[in-house]
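# Remarks on the overall topology
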Amino acid sequence: MLSTELASFLPEAIKQFDAIVMNNSCGAWITPTDDDMAKDVFKKLGADKTAVEQALRKSLLDYVNGGGGIMAFHFAIGANGHWPEFRELLGAQFTGHPWNEDVGVMIDDPSHPLVAAYEGKDFRITDEIYQYGGCFDRKKVRVLMSVDPERSNMGVKWISQPDSDFALTWVKTQGQGRVFYTSFGHRTELYWDQKLLQLYLDGIQFATGDLEATTTPRPERLTRRVPGPTQPELRLAKMKAKSVPVPSEEQIKQIEAAAPDAPSAKPAKPRKILVWGHSWTHLPNPYAEEAIRILGKKTGAFQATISDDPRLLLGDRLPQFDALVMNNIHENDPFLPEDFAKLGDEQKAAARKMDAAIKKSIMDFVKGYKEGNKDILGRGIVGTHAATCALGNWVEYVEMFGGKFGGYIAQDLVIKPDDPAHPVNACFGGQNFKINDELYVFPEPYSRKNLRVLLSVDMAQTKWPEKVNLPRPNFETGRPDKDHAVSWVRQYGTGRLFYTVLGHEPATHWNPMFLKHLLAGIQFAIGDLPGELAPSEK
């Protein structure tokens with residue numbers, strides 16, 4: 001029987017059914033409308049809508065608890081958001097549909113009769129895929145299928161499942177009754193998919209009681225890797241394996257003592273920045289993390305979130321920050337899994353989709369973009385030291401930063417302000433300063449035609465080595481024009497970039513002059529410290 005009549009849920013009517021199929025039934029359908037209340041069957045219950053709704057609620061719950069069945073699919077789970085017991089009845093609450101594309105599905109319970117059509121084999125499906133919150137709990141339902149995050153694009157926006165458990169199909173017991181739910185059912189073409197139709201049929205027969213199947217909850221889940229932050233224990237193990245030290249308490253105190261007491265400029269509002277990078281890939285990474293955290297906290301210039309969670313770089317999360325700091329990013333593909341080469345084809349495809357989404361998000365964040373008829377202005381990006389070593393195959397990134405690693409020297413350096421009046425250089429007072437650090441040589445695309453260079457090596461006072469380490473061809477002794485830039489700014493789209501090559505040596509991070517310069521550069525990128533952006537070819 002097909003029906004849209006709410007009266008079908010009244011006690012005398014509902015008992016005729018062995019099961020109820022909730023066909024994408026959404027909205028607050030349990031609440032009677034004015035048209036419903038005008039019908040004789042409801043008039044008998046009185047003129048109070050609230051009382052009628054309570055009677056309908058009780059009737060449905062009594063029906064299931066007494067042995068009736070429910071087969072619900074797709075957006076049926078989005079119904080009756082005002083009725084907590086309905087969410088408990090179905091086993092979850094709809095919280096969004098991040099995916100409307102091809103995803104990987106894993107069979108959590110291969111031997112369960114309701115998924116027999118899939119013969120225990122994981123598969124792919126193109127559909128609008130939901131995520132659930134609220135009362136969903138594997139201790140209360142038996143999950144039959146879920147999204148495989150290793151074979152699905154985790155670069156989509158609006159994933160907000162804290163436990164990363166993306167269940168798709170489950171069964172449960174409600175009193176003496178049976179409940180089956182599946183997320184599948186948005187796309188028209190699914191209704192001639194034989195396996196899905198068999199799943200529906202089996203779900204209906206389970207709900208009627210004709211197909212016996214266990215509903216005993218299984219709290220355990222299949223283990224799959226989900227993009228997220230590196231856990232502290234693993235982070236420390238990786239740092240140890242790479243011989244990257246953890247800053248000591250004494251070193252942290254040195255950074256705190258050397259950091260300025262006040263910001264370079266008063267923040268226009270409370271600011272948040274994301275300091276992103278893997279702590280274990282390069283010697284200075286953990287020192288830079290501590291230095292930036294301390295700079296923000298001590299001066300009140302910003303609050304720093306320090307993370308390597310790739311999801312923070314996506315378009316639904318990155319916009320919460322005023323600037324992104326690429327903290328010594330040292331890998332060519334930092335957004336892909338470290339074992340990418342060993343993954344299967346489906347896992348690689350999923351990882352590449354997330355990698356592409358992150359790159360687009362970063363470009364949108366800096367350059368700005370259109371949202372309908374609205375222009376979203378770009379924000380700030382900061383590169384510390386090795387940020388110009390990374391992502392060499394990402395053409396836009398290299399072009400944005402305006403420089404790419406072409407060799408290095410590590411020694412005593414004399415640095416001169418090329419633009420003494422620039423606010424980011426205010427800490428130098430127009431004077432040269434000395435530092436022992438690692439310096440990069442930049443071949444193309446570096447050009448003063450594209451960048452406003454703030455600092456460079458004073459070649460007259462610096463003893464240049466006979467040979468550069470790891471030089472690009474023709475740069476064995478450095479740049480032929482002897483133009484060895486140290487720091488620059490530029491506009492990219494409608495956003496602002498600040499880069500400094502300084503920051504390799506741990507001791508640089510408790511150098512007061514460097515800390516002031518770094519703070520000013522971050523505040524410049526945020527937009528709180530105004531300064532000239534136009535390239536200077538001097």
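Overview of the structure.

### Some thoughts on the overall build of the protein chain
Scanning the protein chain from terminus to terminus reveals twelve helices and 18 strands. For the protein chain, whose C-alpha radius of gyration is 30 Å, the value lies well above the compact-globule estimate of 24 Å for 538 residues. Taking the principal axes of its C-alpha atoms as reference, the protein chain extends roughly 95 × 50 × 45 Å. Burial status across the protein chain gives 54% buried among its 538 residues. Counting contacts in the protein chain only where the partners sit at least 6 residues apart, residues at least 24 apart contribute 79% of the total. Of the charged side chains in the protein chain, 63 are positive and 69 negative, and the gap between their average positions amounts to 4 Å.

### Here's the deal with the layout of surface pockets
Here the largest pocket defines a volume of roughly 1200 Å³. Residue lining of the largest pocket: 48 residues in total, with Arg225, Val226, Pro227, Gly228 and Pro310 positioned closest to the centre. Elements with a contribution of two residues or more to the lining of the largest pocket: helix 7 (232-241) and helix 10 (345-367). Among the elements that make up the lining of the largest pocket, the one with the highest residue count is helix 10 (four residues). Here the lining of the largest pocket is built from residues that sort into 21 nonpolar, twelve polar and 15 charged. Roughly 860 Å³ of internal volume is contained in the second largest pocket.

### Thoughts on helix 9 (residues 285-299)
Taking 1.5 Å of rise per residue, 15 residues should cover 21 Å, and helix 9 covers 21 Å from first to last C-alpha, within 8% of that figure. By the burial criterion, the buried members of helix 9 are Asn285, Pro286, Tyr287, Ala288, Glu289, Glu290, Ala291, Ile292, Ile294, Leu295, Gly296 and Thr299. Looking one or two residues past helix 9, Gly300 carries a phi angle of roughly 75°, positive in sign.

### Concerning the sheet that holds strand 9 (residues 303-307)
Read from one edge to the other, the open sheet built from nine strands follows the order 9-8-10-13-18-17-16-14-15, with strand pairing classed as mixed. Strands with a single pairing partner mark the edges of an open sheet, and in this sheet they are strand 9 and strand 15 (433-440). Between one strand axis and the next, the sheet turns by 25° as a mean value, whatever way the strands run. Bridge count for strand 17 (residues 485-492) against strand 18 (residues 495-500) is six bridges, and the pairing is antiparallel. The residue of strand 18 that forms the bridge with Trp488 is Tyr499. Packing of helix 12 (residues 512-526) onto the sheet brings it into contact with strand 8 (272-276), strand 10 (323-327), strand 13 (380-384), strand 15, strand 16 (452-457), strand 17 and strand 18, and relative to strand 18 it is tilted by some 165°.

### Describing the pairing of strand 7 (residues 177-182)
Most of strand 7 sits inside the fold, with six of its six residues counted as buried. Here strand 7 shows no split at all, with Gly177, Val179 and Tyr181 on one side and Arg178, Phe180 and Thr182 on the other all buried. Of the pairings in the sheet, the one linking strand 2 (residues 69-73) to strand 7 comprises five bridges and is parallel in character. Following the sheet pairing, Ile70 is matched in strand 7 by Val179. Bridging between strand 6 (residues 167-174) and strand 7 involves six bridges; their strand directions are antiparallel. Residue pairing for strand 7: Thr169 is matched across the bridge by Thr182. As consecutive antiparallel partners, strand 6 and strand 7 are separated by two residues, and within that stretch Gly175 has a phi angle of approximately 60°, a positive value.

### A look at empty space enclosed by the protein
Inspection of every chain in the model, using the stated rule, returns one cavity of 30 Å³ or more. Looking at the largest cavity, its volume works out to about 70 Å³. Forming the walls of the largest cavity are 13 residues, and the residues nearest its centre are Met106, Val147, Ser164, Arg221 and Leu222. Taken together, the residues of the lining of the largest cavity sort by class into six nonpolar, two polar and five charged.

### Let's talk about the environment of Ser146
Looking at where Ser146 falls in the secondary structure, it is placed in strand 5 (residues 142-147). Separated by 312 residues in sequence, Ser146 and Asp458 have C-alpha atoms that sit 60 Å apart. The contacts of Ser146, once residues within four sequence positions are left out, are Gly104, Val105, Met106, Asp108, Arg138, Phe166, Ala167 and Leu168. At 2.7 Å, the side chain of Ser146 forms a polar contact with the side chain of Asp108.

### Description of the packing of helix 9 against helix 12
Relative orientation of the contacting elements helix 9 and helix 12 amounts to 75°, with a least axis distance of 11 Å. Here helix 9 is positioned roughly perpendicular relative to helix 12, judged by the angle of their axes. The residues of helix 12 that touch helix 9, namely those facing Ala291, Ile292, Leu295 and Thr299, are Leu515, Leu518, Leu519 and Ile522. Grouping the constituent residues of the contact of helix 9 with helix 12 by class yields seven nonpolar, one polar and no charged.

### A few points about the nonpolar core
Ranked by internal contacts, the top residues of the largest apolar core, which has 118 residues, are Met145, Phe184, Leu324 and Met326. The leading source of residues in this core is helix 12, at nine residues. Setting aside chain neighbours within four positions, we find Met145 in contact with Val105, Met106, Ile107, Asp108, Val115, Tyr118, Phe123, Ala167, Leu168, Thr169, Phe184 and Leu199. The next biggest cluster of nonpolar side chains, apart from the first, holds 36 residues, and it includes Leu6, Ala7, Ala72 and Phe86.

### Some points on the pattern of salt bridges
Taken as a whole and judged by the stated rule, the model has 36 salt bridges. Note that Arg187 is salt-bridged to Glu189, the shortest N-O span being 3.7 Å. Taking relative accessible area as the criterion, Arg187 reaches 24% and is therefore assigned partly exposed. Looking at Glu189, the relative accessible area reads 36%, which means it is partly exposed. A salt bridge links Arg317 to Asp316, with the nearest nitrogen and oxygen atoms 3.9 Å apart. Judged by relative accessible area, Arg317 falls into the partly exposed class, the value being 22%. Ionic contacts of the salt-bridge type, sharing partners, join the residues Asp102, Asp122, Arg124, Asp148, Arg151, Arg224 and Glu346 into one network.

What counts, and where the lines are drawn
Residues numbered from 1 in each chain as written. Predicted model: local features only at pLDDT ≥ 70, side-chain atom pairs only at ≥ 80, totals over all residues. Heavy atoms only, no water. Helix = DSSP H or I, 4+ residues; strand = E, 2+ residues; numbered from the N terminus. Rg over C-alpha atoms; globule rule 2.2 N^0.38 Å. Buried < 20%, exposed > 50% of the residue type's maximum accessible area, 1.4 Å probe, protein only. Contact = heavy atoms within 4.5 Å. Lys, Arg positive; Asp, Glu negative; His and termini not counted. Charge placed at Lys NZ, Arg CZ, Asp CG, Glu CD. 1 Å grid on protein atoms, 1.4 Å probe; cavity = no way out; pocket = protein on both sides within 12 Å on 5 of 7 lines; lining within 4 Å. Points joined across faces, edges and corners; volume = space filled by probe spheres on them. Nonpolar A, V, L, I, M, F, W, Y, C, P; charged D, E, K, R; others polar. Expected span 1.5 Å × (residues − 1). Pairing = 2+ DSSP bridges. Axes fitted to C-alpha atoms, helices over the stretch in contact; angles between N-to-C directions. Polar contact = N/O pair within 3.5 Å; in protein donor to acceptor, adjacent residues only side chain to side chain. Parallel < 35°, antiparallel > 145°, perpendicular 65-115°, else oblique. Core = buried A, V, L, I, M, F, W, Y, C linked by side-chain atoms within 4.5 Å. Salt bridge = Lys/Arg side-chain N within 4 Å of Asp/Glu carboxyl O.

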